[in-house]
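# Structural characterization, general
Letter by letter, the chains look like this.
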Amino acid sequence: MSERFRSPVWRQLRKHKLAMASSVVVLGMTVVCMAAPLLAPYAFDAIDLGSIRQAPSWEHPMGTDDLGRDLFTRVLHGGRISILIGILSAIIGTGLGSLIGVVAGFYGGRVDNLLMRLTDVVYSIPTLPLLIVLSSYSQAVISSMALIIGLLSWMATARVVRGEVLAIKQVTFVEAARSLGASNLRLMTRHILPNAIGPIVVGATLAVGNAIILESSLSFLGLGVQPPTPTWGNMLMDAQATMATKPWLTIFPGLAILLVVLSVNFIGDGLQDALDPTARDGTP
Amino acid sequence: MISYIGRRILQMIPLVFGISVVLFAVIQAAPGGPEGALLESGRFIDPQVIEAYRQRLGVDQPVHIQYVRWLGAALSGDLGISFSTTRPVAEMILDRLPATVELMASAFLLAALVALGLGVFSAVRQYSLFDYLGTGFSFVGIAMPVFWFALILQLIFSVKLGWLPVSGTETVGASSLLDHLLHLILPAVVLSFRYIAGWSRYLRSSLLGVLRADYVRTARAKGLPERVVVGIHALRNALIPLISIMALNMAALFSGAVITETVFAWPGIGRMFVQAMFARDYPLLMGILMMGSIMVVVFNLVADILYGILDPRIRYE
Amino acid sequence: MTRPVLEVRDLVTRFHTDEGVVHAVNGISYSLSEGEALAIVGESGSGKTVSALSIMGLVPEPPGRIEGGTAILRGRDLLQLSPTEWREVRGREIAMVFQDPMTSLNPVLTVGYQLTEPLRRHLGASRHDAVERAREMLALVGIPNPRQRMADHPHQLSGGQRQRVMIAMALSCRPSILIADEPTTALDVTIQAQIVDLVKSLQERLGMAIIWITHDLALVAGLAHRVAVMYAGTIVEEAPVAELYRDPKHPYTQGLLRSIPRVDAPACGPLPSIDGQPPDLRMDSDACPFSPRCRHAVEECATGKPPLDGVHDDHRVACIRWRELGPDPGVGT
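Residues numbered from 1 in each chain as written. Chains lettered and ligands numbered in written order. Predicted model: local features only at pLDDT ≥ 70, side-chain atom pairs only at ≥ 80, totals over all residues.

### Here we look at the sheet that holds strand E12 (residues 315–317) of chain C
All names here are of chain C.
- The eight strands are arranged E6-E7-E8-E3-E9-E10-E12-E11 in an open sheet whose pairing can be described as mixed. The open sheet has two free edges, formed respectively by strand E6 (94–97) and strand E11 (309–312), since each of these has just one partner strand. On average, each strand axis in the sheet is tilted by 20 degrees relative to the strand beside it, whichever way the strands run.
- The sheet strands contacting helix H7 (residues 159–171) are E6 and strand E7 (177–181), and the helix crosses E6 at an angle near 175 degrees. (Pairing = 2+ DSSP bridges. Helix = DSSP H or I, 4+ residues; strand = E, 2+ residues; numbered from the N terminus. Axes fitted to C-alpha atoms, helices over the stretch in contact; angles between N-to-C directions. Contact = placed C-beta atoms within 7 Å.)

Set out below in structure tokens:
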């Protein structure tokens with residue numbers, strides 16, 4: 001895998017300016033949010049009744065909320081949770097999807113049929129309502145949220161990986177390895193998976209953005225991580241009531257979501273182009 | 001063709017069955033069991049009464065027996081009784097379903113029409129300023145959280161400008177068709193936005209591919225005007241793969257409707273779902289999940305049939 | 001042959017790509033008389049297809065651009081036409097049949113729809129008349145059961161049948177010129193002969209002029225009246241078909257003819273081929289484009305592009321040494 005990334009793919013990606021700029025944005029936001037406890041000017045739950053509902057100023061770059069808490073601090077802390085859940089659930093979902101896709105494509109027959117029908121079933125159930133129900137079963141903490149979101153976002157990866165595996169299986173080197181007596185496990189992990197890595201990586205990148213949106217939607221409905229722990233979603237839920245008079249409470253957390261998801265999607269797009277330059281559709 | 005449609009409908013049955021099994025299992029997994037929410041809500045104190053209820057609900061039986069019972073009842077249109085209102089779930093859903101269908105259909109049509117225009121124009125004018133703006137717009141549209149976009153539109157068009165109502169379906173005391181349509185605009189725009197972005201971008205790249213095809217050159221060689229070349233010869237081919245994408249997006253459209261209805265207080269099954277969640281009304285949750293999934297499956301069926309009509313290469317055997 | 005129906009003079013078409021300017025067609029001239037069949041022969045990349053697309057106004061723009069020359073059709077310069085005027089010419093006065101019948105018909109439209117389209121557009125035919133005429137055309141090109149085939153989609157037809165449909169479509173408005181761009185290359189050998197015969201007999205019946213583009217010099221023998229050999233975007237030799245076979249003057253033509261298997265000559269060793277590669281068309285050099293591969297090249301060949309020189313009225317050759325080289329010992333009798 002490392003070789004793949006040092007090779008033309010990496011060079012192609014570096015040519016994709018938007019993807020490179022987005023990587024910087026995502027990396028920067030991730031680092032700043034993760035280091036929020038050190039970097040943020042205030043404590044995320046520091047109530048200051050002397051300065052409630054202030055518009056953005058030098059002391060409070062994004063203003064303050066109903067309890068006088070610094071919004072900038074809370075956006076940084078909220079980002080920690082959103083980004084962590086996004087990355088973790090993308091890893092879980094992509095891992096699960098790859099596993100299911102490889103097994104289905106590799107074994108074929110009844111295993112394939114069963115797994116693909118399961119995929120159809122889960123694909124047909126709207127994700128958010130199902131997520132709402134499942135998340136109510138456990139405590140809304142980062143690990144369980146990431147797990148649940150991951151468990152509901154493997155289907156696309158499974159289908160794509162299965163398709164790749166079916167295509168790769170036809171190629172001679174897999175036949176050759178098999179004739180040399182390679183075990184099934186070895187075939188899958190050493191020969192097939194590395195060749196399907198392209199679409200897996202692209203899918204994982206896009207999954208991060210989707211997971212962040214799902215998590216924030218859930219928090220927005222009041223069903224995700226609960227206050228006082230700030231997330232971008234539950235901050236927006238709080239802001240809804242005072243939207244008319246204190247628009248900054250609505251604008252900043254939303255912009256944060258938009259910026260991260262947009263950047264992550266740009267990276268995914270760049271990766272796609274880099275991994276498959278022939279499939280470029282002439283996107284400017 | 002008829003037999004093809006018939007076969008596709010038959011193929012739906014195991015899919016819907018599978019969905020019901022998964023959903024039933026999910027609901028059964030509720031901590032304390034789905035009936036726990038009702039029985040331990042404090043409404044009932046006498047253990048005998050609770051036991052009587054358990055028997056009446058059938059929850060003393062093994063899970064698979066419960067499922068078979070549920071399935072039997074569901075097939076005859078009985079989705080159980082709501083814990084929160086004690087009304088039949090099926091009735092509650094049917095009351096609210098038209099509002100959801102109206103919202104989803106409006107959003108779908110809006111998305112399809114606008115995406116068609118944007119996609120075709122961007123492809124025909126590739127690398128123009130319009131194309132760049134369209135691509136930028138679609139990236140933003142795909143990355144924008146639905147609920148935040150809803151809030152921003154409310155902020156601008158309802159609160160600041162006062163042009164459109166903030167939420168609901170009608171102005172109390174001044175309801176009319178026009179008033180209702182004004183209430184529909186913001187939710188429909190919010191729900192369609194993501195799909196306008198996604199579908200227009202998809203159509204653009206699909207059309208760019210088709211415009212390079214040999215048969216498009218043939219059409220030009222016949223001396224057909226560009227509008228016929230693009231609008232008939234290229235577009236029909238470019239739309240075929242888009243239909244699959246639309247079908248794939250239907251589950252997400254329903255998810256979007258849940259949020260949109262909640263933000264705009266739109267009285268559909270999506271908003272009812274969120275309310276049912278806070279009330280731990282599991283029969284109602286199960287019913288709505290089932291309904292939403294069936295809507296997705298039915299739409300996929302329609303898309304499949306449409307695919308068959310648009311692409312003569314699909315075999316019906 | 002009577003008066004010319006098409007006169008092409010100094011046609012220049014270039015492609016402005018990221019990798020540089022491709023000089024696809026470098027000032028070619030030819031004329032086509034009414035009812036004449038002209039074959040343009042050359043290997044892939046020699047500019048033969050681009051030259052045809054240029055007079056159809058079908059060069060993809062950008063990156064392509066027609067940068068010079070004239071193409072006079074009945075007193076009008078095609079290259080000066082507005083897009084609207086050009087649409088009136090395409091399919092009406094000049095029609096084209098393409099190389100790959102499997103991809104040249106629209107897969108989602110019926111054969112009947114695609115056939116009636118030019119009739120309704122160019123001749124203003126009513127729906128009924130167009131359908132009637134389309135059926136006649138299908139019968140004319142030898143498609144059995146034209147009535148039923150009208151409702152078929154292209155994937156229901158064989159490759160040969162599809163090419164017949166393409167020909168019917170091209171000829172439906174009775175154009176004065178038919179451009180056939182390697183219409184048999186993608187087909188089986190037996191079908192190839194059928195299509196060649198079909199086009200020949202249709203020409204006798206309908207009397208249109210034909211530009212037949214091919215890489216196969218052997219194919220044109222029974223089909224064309226005259227042959228123009230293209231190399232690297234230029235015409236290197238042009239002659240009546242019999243004369244070209246009998247007495248080719250240009251070393252490239254001689255090479256091409258040598259590489260054709262002949263049934264009337266004793267087999268002796270492998271077929272000779274022309275050494276070397278066609279030139280990179282991004283270079284705009286002043287030399288004779290064939291000189292790097294030419295056995296007879298001398299220093300002088302690198303100093304300027306040889307003009308088309310008349311051997312006699314009908315026979316022109318672009319080689320400064322054609323007089324001294326004499327007949328090629330490898331060909332002819």
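### Topic: the interface of chain B and chain A
- Contact residues are listed per partner, giving 45 residues for chain B and 40 residues for chain A.
- Mapped onto the side of chain B that touches chain A, the elements with two or more residues apiece are helix H1 (2–28), helix H6 (129–143), helix H7 (146–160), helix H8 (177–211), helix H11 (250–263), helix H12 (269–278) and helix H13 (282–310) of chain B.
- Within the side of chain B that touches chain A, the residues separate by chemical class into 35 nonpolar, nine polar and one charged. (Nonpolar A, V, L, I, M, F, W, Y, C, P; charged D, E, K, R; others polar.)

### Thoughts on the sheet that holds strand E5 (residues 76–77) of chain C
Residue and element names in this part refer to chain C.
- On the basis of which strands lie adjacent, the open sheet formed by four strands has the order E2-E1-E4-E5 and antiparallel pairing. At either margin of the open sheet sits one strand with a lone partner, and together these are strand E2 (20–33) and E5.
- Bridge count between strand E1 (residues 4–17) and E2: eleven bridges; the pairing is antiparallel. Bridge pairing in E2 places Glu-7 opposite Ser-31.

### Looking at the confidence of the model for chain B
Residues and elements named next belong to chain B.
- Confidence in the prediction for chain B averages 87 pLDDT; 95% of positions are at 70 or higher.
- In the model of chain B, helix H2 (residues 36–39) stands out as the element of lowest mean pLDDT, 69, in contrast to helix H5 (residues 89–124), which has the highest, 94.
- In the predicted assembly, ipTM is 0.88 and pTM is 0.85. (pLDDT = per-residue confidence, 0-100.)

### Side note on the interface of chain C and chain B
- Between chain C and chain B, the residue contacts involve 22 residues of the former and 19 residues of the latter.
- Ranked by the residues each element gives to the side of chain C that touches chain B, the list is headed by helix H4 (residues 111–122) of chain C, at four residues.
- Among the residues making up the side of chain C that touches chain B, the classes are represented as eight nonpolar, seven polar and seven charged.

### Focus on the environment of His-77 of chain A
Residue and element names in this part refer to chain A.
- Locating His-77 in the fold gives a position in helix H5 (residues 71–107).
- Note on His-77: 22 C-beta atoms within 10 Å, which makes it buried.
- Through-space distance from the C-alpha of His-77 to that of Ala-35 is 8.7 Å; in sequence the pair is 42 residues apart. (Buried ≥ 20, exposed ≤ 12 C-beta atoms within 10 Å, placed from the backbone.)

### A word on helix H3 (residues 17–34) of chain A
All names here are of chain A.
- Its 18 residues give H3 an end-to-end C-alpha distance of 26 Å, which sits within 8% of 26 Å, the value for a rise of 1.5 Å per residue.
- Turning to H3, its buried residues number three or more, namely Ala-19, Ser-22, Val-26 and Cys-33. Buried residues of H3, viewed axially, fall in a sector of 65 degrees; they line one side. Away from its buried face, by an angle of more than 90 degrees, H3 presents the exposed residues Lys-17, Val-24, Leu-27, Gly-28 and Val-31. (Expected span 1.5 Å × (residues − 1). Arc of directions from axis to C-beta.)

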